[in-house]
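Coordinate inspection notes
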Amino acid sequence: MSAPTSRSARLAQSPVVLRDGRWWLVGEAGSVPLSDPAFTTVLDGFAEAVAAADRAVADLHARPDVPSASGTGGGR
């Protein structure tokens, strides 16, 4: 069974894809919808954590460079 093509996003580098609000397991033979509520809840939480980490990294890259305290010299 294959899902209709639409807006989708792969979760990290996994075979799991979120398409129109529904999780799918994607393989070479096609796609299978995931229906276990406990599993999809875990996937939702992981997707939120990955998105938060991506935002944090983007925020760090957007900051102006600040010299580190360890690079000020004064050591032996």
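Before going into details, it helps to say that this report is about the structure given with it. None of these values were measured; they are calculated from a predicted model.

The rules behind each value
- Residues numbered from 1 in each chain as written.
- Predicted model: local features only at pLDDT ≥ 70, side-chain atom pairs only at ≥ 80, totals over all residues.
- Heavy atoms only, no water.
- Helix = DSSP H or I, 4+ residues; strand = E, 2+ residues; numbered from the N terminus.
- Polar contact = N/O pair within 3.5 Å; in protein donor to acceptor, adjacent residues only side chain to side chain.
- Contact = heavy atoms within 4.5 Å.
- Buried < 20%, exposed > 50% of the residue type's maximum accessible area, 1.4 Å probe, protein only.

**Some words on the side chain of Thr-40**
With respect to the secondary-structure elements, Thr-40 resides in helix H1 (residues 37-62). A polar contact is formed between the side chain of Thr-40 and the backbone oxygen of Pro-37, at a distance of 3.2 Å. Aside from chain neighbours lying at most four places away, what touches Thr-40 is Trp-23 and Leu-34.

**What to know about unusual backbone geometry**
A positive phi angle, near 50 degrees, is found at Ala-12, a position not held by glycine. Within the element layout of this structure, Ala-12 appears in the loop between strand S1 (8-10) and strand S2 (16-19). Residue classification places Ala-12 among the partly exposed positions, given a relative accessible area of 46%. For Asp-20, which is not a glycine, the phi torsion comes out positive at approximately 50 degrees. Exposure remark for Asp-20: the relative accessible area of 59% places this residue in the exposed category.

Treat this as a map of the structure, not an account of what it does.
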